[in-house]
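# Secondary and tertiary structure notes
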Amino acid sequence: MKEINRILTVYDQIDLSQRKVALATVVFVEGSAYRRPGARMLVTDDGRWEGAISGGCLEGDALRKARQIMMDGKPCVVRYYTMDDDANSLGIGLGCNGIIDVFIEPIDPTNLRNPITLLHEFSQHRDRRVIATVCQATPTTDIREGSRFVLTNQPTDSIPDWIQQNVELVFQTGKPLTTTIPVNDGSVDVFIERIDPGIELVIFGAGYDTIPLTRLATEIGRTVTVTEDCIAHLSPKRFPPAACVLHADAEAVTDKIQFTDRTAAVLMSHNYKYDLAVLTRLLTTDVPYIVVLGPRKRYEKMQADWIKRGKCFHPLA
């Protein structure tokens, strides 16, 4: 998710009236490789790139090929053999012991189904979705290379019958799939991947120890929300990396914040009553990961308070 967001940020800064852009995506790996299917690299025709498709050994060659693809306007699958330590076709002995297919495609900003636009939609909606990309197709299929089909489990989804089963399988398992499918007396090579929203970290408490946690969580790609019931502590200037700084009473947190199975919560307000009220609310949600800062005895006191109130919650580990 962090790589996708960074690619989108860089893309939005490019003057598309002056520059051409291509996207390189790892679509198949056999054996060992530094990056797995779904790794991406954005390339411009002036030699800049963002993201990575390897540990640094393939980027230079991919950049050269991307320039030609941007000139031709046609996508292409490039296969890299890295089985031989002594192979020097790319200027270095790779020694990764793998085969890597990279799909390089020019980006047409006027095409509303181009991959960058689809990634923008994903980033905005932050939902779980499957994207199927046609990498190669024989002429009889009448399917254009670079075509994409998106499954979000919404009524508006439109997935062709010939790929429906594979797309649903990837949606369920989360494992990327590269396969060849017979279509109209021909065949289509398609890369299918599920992309999940990143972990959202909600920090309850806005003390000084929240500042470094916010910074570190953001650096590893987490989307951070900082919330507390004391508005005086919630100056956005104290938490510039945070996506959201929210004032909310403990009783209102589940109404003002959306919690999912991709949410992690950290309670570190140093206010026992506030933490108790928040935790009582969180335990009624689907949040899979909750951290309470403080000694074990503090949590045991919370459990005793729940028993007095007639509440029964499964204890935290």
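The structure presented is a predicted model; accordingly, all values stated were derived computationally and were not measured.

## Comments concerning helix α2 (residues 59–72)
With 14 residues, α2 extends 20 Å between its outermost C-alpha atoms, agreeing within 8% with the 20 Å of an ideal straight helix rising 1.5 Å per residue. In the segment just after α2, G73 is the residue with positive phi, at about 75 degrees.

## As for the side chain of S54
Summarising the element assignment, S54 is placed in the loop between β3 (49–51) and α2. Here G56 takes part through its backbone nitrogen, which lies 3.1 Å from a polar atom of the side chain of S54. Engagement of the side chain of S54 in a polar contact is seen with the side chain of E59, the distance being 2.6 Å. Discounting chain neighbours no more than four positions away, the residues touching S54 are Y34, R35 and E59.

## Observations regarding the pairing of strand β11 (residues 223–228)
With 5 of 6 residues buried, β11 is to be regarded as a mostly interior element. Pairing of strand β10 (residues 200–204) with β11 involves 5 bridges; the strand directions are parallel. Note on β11: the bridge partner recorded for I203 is V226. In this fold, the crossover linking β10 to β11 by way of helix α5 (residues 210–219) has right-handed handedness. Examined bridge by bridge, β11 and strand β12 (residues 244–247) share 4 bridges and lie parallel to one another. Residue E228 lies in a different strand from β12, and its bridge partner there is H247.

## Let's talk about the nonpolar core
Among the nonpolar cores identified, the biggest contains 22 residues, and F204, F259, L267, V278, L279 and L282 are the most heavily contacted of them. Elements with a minimum of two residues in this core: β10, β13 (263–267), α7 (272–282) and α8 (296–308).

## Looking at the sheet that holds β11
The pairing of strands in a sheet comes from backbone hydrogen bonds and takes either a parallel or an antiparallel form. With parallel pairing, the 5 strands of this open sheet are ordered in space as β12-β11-β10-β13-β14. Taken across any chain shown, the strands that pair with only one partner, and hence form the sheet edges, are β12 and β14 (289–292). When strand polarity is set aside, the average angle formed by the axes of neighbouring strands in this sheet is 15 degrees. Those strands touched by α5 are β10, β11 and β13, and its axis lies near 160 degrees from that of β11. Contacts between α7 and the sheet are confined to β10, β11, β13 and β14, with β13 contributing the most and set at about 160 degrees to the helix.

## Here's the deal with the packing of helix α1 (residues 2–12) against helix α3 (residues 115–125)
Closest axis-to-axis distance for the α1/α3 pair is 10 Å, and the angle between their directions is 120 degrees. It follows from the interaxial angle that α1 and α3 lie oblique. When the axes of α1 and α3 are compared, the crossing they make is left-handed. Between α1 and α3, the contacting residues are I4, N5, I7, L8, Y11 and D12 on the first element and I116, L119, H120, F122 and S123 on the second. For the contact of α1 with α3, the class distribution of residues is 7 nonpolar, 3 polar and 1 charged.

## So, the confidence of the model for the chain
Residues at a pLDDT of 70 or more form 93% of the chain, whose mean pLDDT is 89. α8 is the least confidently modelled element of the chain, averaging 86 in pLDDT, while strand β9 (residues 186–195) averages 96, the highest of any element.

## A closer look at the side chain of R129
Counting through the fold element by element, R129 comes out in strand β6 (residues 129–137). We classify R129 as buried; its relative accessible area is 5%. Among the polar contacts made by the side chain of R129, one reaches the side chain of D127 at a distance of 2.9 Å. Each residue touching R129, except ones within four places of it in the same chain, is listed here: L118, E121, F122, V150, L151, T152, F171, E193, R194 and I195.

## Focus on the pattern of salt bridges
Per the counting criterion, the structure on display carries 16 salt bridges. Salt-bridge contacts for R19 lead to D46; the nearest nitrogen and oxygen are separated by 4.0 Å. Placement of R19 in the loop between α1 and β1 (21–31) and of D46 in the loop between β2 (40–44) and β3 is noted, with a sequence separation of 27 residues between them. Residue classification places D46 among the partly exposed positions, given a relative accessible area of 34%. Across the salt bridge formed by D101 and R79, the nearest N and O atoms sit 2.6 Å from each other. In this pair, D101 sits in strand β5 (residues 98–106) while R79 sits in strand β4 (residues 76–81), placing the two residues 22 residues apart along the sequence. Linked by salt bridges that have partners in common, R19, D45, D46 and R48 make up one network.

## Looking at the pairing of β13
Among the 5 residues that make up β13, 5 are buried, leaving the element largely enclosed by the rest of the structure. Residue alternation in β13 divides its side chains into two sets, T263, A265 and L267 and A264 and V266, and both sets are buried. Direction of pairing for β13 relative to β14: parallel, over a ladder of 4 bridges. Directly across from L267, in β14, lies its bridge partner V292.

How each quantity is defined
- Residues numbered from 1 in each chain as written.
- Predicted model: local features only at pLDDT ≥ 70, side-chain atom pairs only at ≥ 80, totals over all residues.
- Heavy atoms only, no water.
- Helix = DSSP H or I, 4+ residues; strand = E, 2+ residues; numbered from the N terminus.
- Expected span 1.5 Å × (residues − 1).
- Polar contact = N/O pair within 3.5 Å; in protein donor to acceptor, adjacent residues only side chain to side chain.
- Contact = heavy atoms within 4.5 Å.
- Buried < 20%, exposed > 50% of the residue type's maximum accessible area, 1.4 Å probe, protein only.
- Pairing = 2+ DSSP bridges.
- Right-handed = clockwise from strand over helix to strand, strands pointing away.
- Core = buried A, V, L, I, M, F, W, Y, C linked by side-chain atoms within 4.5 Å.
- Axes fitted to C-alpha atoms, helices over the stretch in contact; angles between N-to-C directions.
- Parallel < 35°, antiparallel > 145°, perpendicular 65-115°, else oblique.
- Left-handed = near helix turned anticlockwise from the far one by under 90°.
- Nonpolar A, V, L, I, M, F, W, Y, C, P; charged D, E, K, R; others polar.
- pLDDT = per-residue confidence, 0-100.
- Salt bridge = Lys/Arg side-chain N within 4 Å of Asp/Glu carboxyl O.

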